[in-house]
Every structure is written in C-alpha cells, then in structure tokens.
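Chain by chain, the residues run as shown.
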Amino acid sequence: MRILACIKRVPITGGRIVLTEDSRAIDTRHLGFTMSPHEECGVEESVRIIEANGGDSVVITLGPPEAVEQLRDAMALGIDRAIHLQTDGQEWDGETTAAALTEAIRADEAASGPFDLVFFGNESADSGGFQVGARVAFTLGRPCVTGLKRVAIEGASVRCEQEVEGGRDVYVVPLPAVLTVKEGLNLPRYPSVPGRMRASRKPVAVNTPSRPDSRLELVRLVVPEGQGRRAEVLGSGAAAAPAVVEMLRRAGVL
Amino acid sequence: MVLVLVEQTDGKVADPSLQALTLARSFAQPVDALLMGTAADLTQHGVSVAHVAEHVALGSFAPDAWAAVLHQLAVSLNASAVLAAGTERGNEVMARLSARTGLPLAANCIAVSPGPPVTLTRQRWGGSLLEEARLNSERPLITVAPHVVPIEPAPMPAAIERFAPELTDSDLLVRVVERVAAVGGGISLTEAKVVVSGGRGVGSKEGFGMIEELAGLLGAAVGCSRAVTSAGWRPHTDQVGQTGTKIAPEVYIACGISGATQHMAGCKGAKRILAINSDAQAPIMLSADYAVVGDLKEIVPAISAEIRKSR
Ligand SMILES: Cc1cc2nc3c(=O)[nH]c(=O)nc-3n(C[C@H](O)[C@H](O)[C@H](O)COP(=O)(O)OP(=O)(O)OC[C@H]3O[C@@H](n4cnc5c(N)ncnc54)[C@H](O)[C@@H]3O)c2cc1C
Ligand SMILES: Nc1ncnc2c1ncn2[C@@H]1O[C@H](COP(=O)(O)O)[C@@H](O)[C@H]1O
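Residues numbered from 1 in each chain as written. Chains lettered and ligands numbered in written order. Predicted model: local features only at pLDDT ≥ 70, side-chain atom pairs only at ≥ 80, totals over all residues. Heavy atoms only, no water.

**Digging into the site of ligand 1**
Next, step 1: Ligand 1 sits among 29 residues. The nearest are R200, S225, S258, Q262 and N277 of chain B.
Next, step 2: At the site occupied by ligand 1, nearby residues are drawn from chains A and B.
Next, step 3: For ligand 1, an oxygen atom lies 2.6 Å from a polar atom in the side chain of S225 of chain B.
Next, step 4: Between ligand 1 and V240 of chain B, the relevant distance is 2.8 Å, taken from a nitrogen atom to a main-chain nitrogen or oxygen of the residue. (Near = heavy atom within 4 Å. Polar contact = N/O pair within 3.5 Å; in protein donor to acceptor, adjacent residues only side chain to side chain.)

Structure, rendered in structure tokens:
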C-alpha cells in the first residue's frame, strides 16, 4: 500500500498569544513548534497501516525551511520519506495550499503509483480553515470522509467512524480515499532514540512552489478580550475548602 | 439574496444555524434558508423563503449530496453569498461546496460586513485568536462560529417552497451507512453542569481517584488536559480543549492544569472557572475566576471532605 500524511508546522503558543508588531503574525521568537495533534494521529495511523500491510509511507508539508523538523518528527514515528514544499514563511490560504499539495501528490503518484489513502487533520491548528482535505479530494476525484476517530481497512474499502452526539456515524468508501482525522483516533507512539536516528537519514525531497495571491486575505490578527483578568484567590491549601464549597453553593451546583 | 444552510437535530433547528441566520442579516439583503428533507418553523428568524430539499437519498447524511443541493439552489436563486453554521457538518459541507465551485471559504466567522470586498472576523486556534480578513469572491462562502453570535429574533413569513435537487451516484458515494449508539454510562462531558478536570499536576493515573471522588460528590463529569491523555492516564474522550471536547458548564474546576491557550479554548465557555494550582503565576490564573493556590493532593480531598461534612 501507499499512504500519505499531510502535516503543518505550527507554534506551541503556551499560556498567552503574543503578536508581532504589525499584528499580522504570532511572535514566535521564544516558541517551540509542532504539528497538530490531529495530524500526528494521521501520521501514526499511516505508520500502523504500512506496518500491517507493507508498502510506502510518505509525509508532506508546505512550509518554511524549518518545517523539516516536523517532517523529521513524522519520520521518527516511522514514516519512510518526506516531501517538503518550501515557502518563504508567508502564510498560504486553504485554497492555494490545497492546489500546491494536489500538484505534489500528482507528481509523486506519476513516479511511484497512486496513494491508497491520504490523511489530513480535520482542521489545521493555527488557521483552522476546515477545507484543505476536501479540496484535495475533490480535485483528485476521490471520496473524502472527515473528522474520523476510527479507520479500518477492509479489503478494497475503508470503514470510517465519526463521533457524533449520541454515538458514531459509520461510512464505508472504496480506496483510494482521502480521510481527515481527529486526535483520539489512536495514541501516537513516543519516538524512540533509534527512530530519531533513522529519521535523520531518511530522504526529504524539496520543491519550491510560488505563492499565488490569496482570495481570503489576512488583514490583521487580534487577541480576543477576556484574556488577562486575574482570578480571585479563595485561599491556599486545604484551608481554602470551606471557601470553595461556599462558591459552589453560590453558583447553584451544590 | 443570501442563502443559509439550516441544520436540524431530532426535528429541531439547531442553535448554531439560528446564529448563522442572524449573522446572515449583516449582508442587508433578504435571507433564504435551505432545509434538508424536512420543513421547520423559521418564522421568527428573518427568513423570506425556506426551501425544503426533497430527494429519496437525503434520508441519511451524505456530505457531497448536501453540497450538491446547496450548490444547485445557490445557482438557481443566484445567491450573493452562502452561509452555514460552523458545526462539524456545516464546515464539512461548505468545504465540499468550496471545492466544487472553486470559491474561497472563510470558516468560523463571528462578524461580517458586506463590502465589496466582504470583510470579516474569523476564529483561529479554536477561538484563542481572531483574524480580520478580506474575502475577494463573487459568491462569499462563510461558516459562522457556534455560540458566539447571539440569536436575534426577527418575525418574517418564511414561506415554504419545495425543491427537487438532482443527485448523481458520486454525490452519494460518501454517506452514513450505520449509526452506532454510544454505550451509556457516566455523565457526558458536554452536558455536565460541573466538570472536574485534572492535568499533569495530578501526577499519575491513580491520582485521578481523588478527582473522580470530588466529581462523584458534585454529580460532575471528569475532564483532563492533553498532557494527561498523552500519558495514557485518561482516554481522549475526557480531553477538554482545541483538539478535545468543547464544554460550557456552570463550573469548571481545573486541578493541576497550567492553562495553555489550547486547553482554555475548550473551557472558556464555562460560567465560572476555579483553578487549583501550586504555582500562583500559572497562566490559568489569568483566565480563571477563582483560584486556590497549593498542592491539589491536599486541596481536592479537603473539598470532598467539606462537601460531605455539609450534608
Ligand atoms: C495544536 C495543539 C492543540 C492542543 N490541544 C489541546 C487540547 O485539546 N487540550 C489540552 O489540554 N491541551 C492541548 N494542547 C496542549 C497544550 O498546549 C498543553 O501542553 C497542555 O494543555 C498542558 O497540560 P497541563 O496543563 O496538564 O500540563 P502542564 O502545562 O505541565 O501544567 C501542569 C500544571 O500543574 C501544576 N501542578 C503541578 N503539580 C501540582 C500539584 N501537586 N498541585 C497543584 N498543581 C500542580 C503546575 O504548576 C502546572 O501549572 C494542544 C497543543 C497544541 C500545540
Ligand atoms: N501547509 C500545509 N502543509 C501540509 N498540509 C497542510 C498544510 N495546511 C493544511 N494542511 C493539511 O490540511 C488539514 C486541514 O487544514 P485547514 O483546511 O487549514 O484546516 C491540516 O490538518 C493538514 O493535514
């Protein structure tokens, strides 16, 4: 089988989001980076499917040169190789991201055969466009199932489960297919030291697509109100218990 | 005219759709609604015409079919914009509509002004950050973030018109073939009035015993942070946050949770947040309403004992 996982490099913002002076980006000077937990589950699922069935697993990202760190993270979990669509760090919107990914998928498939499954996160952690997976699937003419918490290959089909109010909705679609997944799909393994060593030697193919204009054009970012108040301290240690009970009573839950 | 996809659950129009109908009025144009399969009373929500799509295949959810119906109706009415609620289904149907029309989509908006070009404010990072943007499009596609825009009633006739879409086999390839009911048991995280949540500070899987004890006394659900699910102490179904469950209880008690933006994105809808943390400088102190500073291993059992004593 051939499986592709799509990931995006995002900052780990911690307790408070700080913006750059022009308010067009997050100030990431003091921050670490990661991929979304949803996407990490897509990576883990890809690795498990290839472990069980044999084949080729690939990870792709569109992002700045430093995004190679997230590609290495994915390869440390067991992905075989990576494709890096390098940008100059400017953000691409959902529409242009999908177009660049689709083109790269077509090129890789022309060389190595079709991907049975392409995994996306249900939504990216930072921009949350909720669309790249559906766009790529439509252009490739493949079925797309979104928001999945369980994926099982059954012959030439894949059974997919979505968590919904009151239970799970089940879909069964033929391969090849595009799946968008959520955290909780699996519990990703912790990368081992040998896994990290192997990852540093795995191949990364680099390409530099040029960025088209976005029709959804970011003007500026704003940190919403409500952050930055101060909690009323009810006390410290066990001695605060009566004050807590009093608060619960006032809140009408006791 | 602006067209809004209206979702129903168990025959009732869902609140996020009513919020989308309210935001749609920002365009200062007549608002039409699309209902899938079953009519609903929209006479209080500023709707000129409620179009009811009728097709044998609309019995079970098929997202590409919904996108096809929305597309056909938007074209036949020459809608100037199409909106839906930013629910799981709303977002996925609109993403498919954007793919098949080749138009840009702005997800999870909280404000719109008609332009041209349309300017809007949308949520990023699960609502922890807002983006002001311009949407350059001949037919703006917009989803409305749930539970931000207040529903404003506006009495209107909401005439009902039937609509028969044409669906192809490929529109129906992806469809719900089975609904597996959840195994009952426990209080659901989304419905609980009180949630007692534990983070890395709880220290171990066993440490959640005292969290469960307090939750039991309060009739509360147990929640947790991602640090806890990653460690395997609790299942992901308990995780509160951007990539977990979003909740809005009366009281949220966060024990040993630092207050990362991605965690707070899941609980900022709570009426009151109590933080129990040994670090008086933890970020959660800036988003909680109340705090108790100290070791949760002493404080949580003391609260349980105090509740027992008071009964
Ligand atoms: C894209 C993305 C999505 C994410 N989604 C989520 C999500 O959905 N939900 C989520 O929770 N996280 C999410 N995270 C992770 C998030 O950024 C934090 O890493 C996580 O919330 C930290 O969990 P924590 O507060 O339990 O642990 P920590 O940050 O380690 O905090 C532990 C806290 O416990 C306190 N403490 C320690 N010992 C005690 C004690 N004995 N008594 C009292 N207090 C004590 C410490 O002072 C500290 O404040 C996401 C991250 C990213 C990048
Ligand atoms: N720059 C990117 N590079 C690779 N994959 C991406 C990129 N942006 C988004 N994706 C994928 O598309 C999913 C949905 O993104 P979005 O539509 O922005 O919410 C993400 O979870 C990723 O799997």
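**Here we look at the nonpolar core**
What tends to happen in soluble globular proteins is that the nonpolar side chains get buried as a cluster.
Next, step 1: Within the largest apolar cluster, 50 residues are counted, with the highest numbers of intra-cluster contacts made by L117, V158 and L179 of chain A together with L34 and L70 of chain B.
Next, step 2: Looking at this core, the element that brings in the most residues is helix α2 (residues 63–77) of chain B, giving 8 residues.
Next, step 3: Not counting residues up to four positions away in its chain, the partners in contact with L179 of chain A are L117, V118, F119, F120, V145, L148, V151, V158 and C160 of chain A.
Next, step 4: Membership of the second largest hydrophobic core comes to 37 residues, among which are M247 and L248 of chain A together with F208 and L274 of chain B. (Core = buried A, V, L, I, M, F, W, Y, C linked by side-chain atoms within 4.5 Å. Buried < 20%, exposed > 50% of the residue type's maximum accessible area, 1.4 Å probe, protein only. Helix = DSSP H or I, 4+ residues; strand = E, 2+ residues; numbered from the N terminus. Contact = heavy atoms within 4.5 Å.)

**Quick look at the packing of aromatic side chains**
Next, step 1: Using the criterion set out here, one finds 1 aromatic pair over all chains in the structure.
Next, step 2: Between F61 of chain B and W66 of chain B the ring centres are 4.9 Å apart and the planes differ by 85 degrees, which places this aromatic pair in the edge-to-face class. Across the pair, exposure class does not vary: F61 of chain B and W66 of chain B are buried alike.
Next, step 3: Over the face of the ring belonging to F115 of chain A we find R2 of chain A, whose NZ or CZ atom lies 4.1 Å from the ring centre.
Next, step 4: The ring of F33 of chain A has R9 of chain A sitting right over it, with the charged end atom 3.8 Å from the ring centre. (Phe/Tyr/Trp six-rings, centres within 6.5 Å; stacked < 30°, edge-to-face > 60°. Lys NZ or Arg CZ within 6 Å of the ring centre and 35° of its normal.)

**A few points about the sheet that holds strand β4 (residues 56–63) of chain A**
Next, step 1: Judged by pairing direction, the sheet is mixed, and its 10 strands sit side by side in the order β11(A)-β5(A)-β4(A)-β1(A)-β6(A)-β10(A)-β7(A)-β8(A)-β9(A)-β12(B) without closing on themselves. Each of the sheet's edge strands pairs with one partner strand only, and the pair in question is β11 (204–207) of chain A together with β12 (178–181) of chain B. Between one strand axis and the next, the sheet turns by 30 degrees as a mean value, whatever way the strands run.
Next, step 2: For strand β7 (residues 144–154) of chain A and strand β10 (residues 177–181) of chain A, the ladder comprises 3 bridges, and the chain directions are parallel. Bridge pairing in β10 of chain A links L148 of chain A to V181 of chain A. (Pairing = 2+ DSSP bridges. Axes fitted to C-alpha atoms, helices over the stretch in contact; angles between N-to-C directions.)

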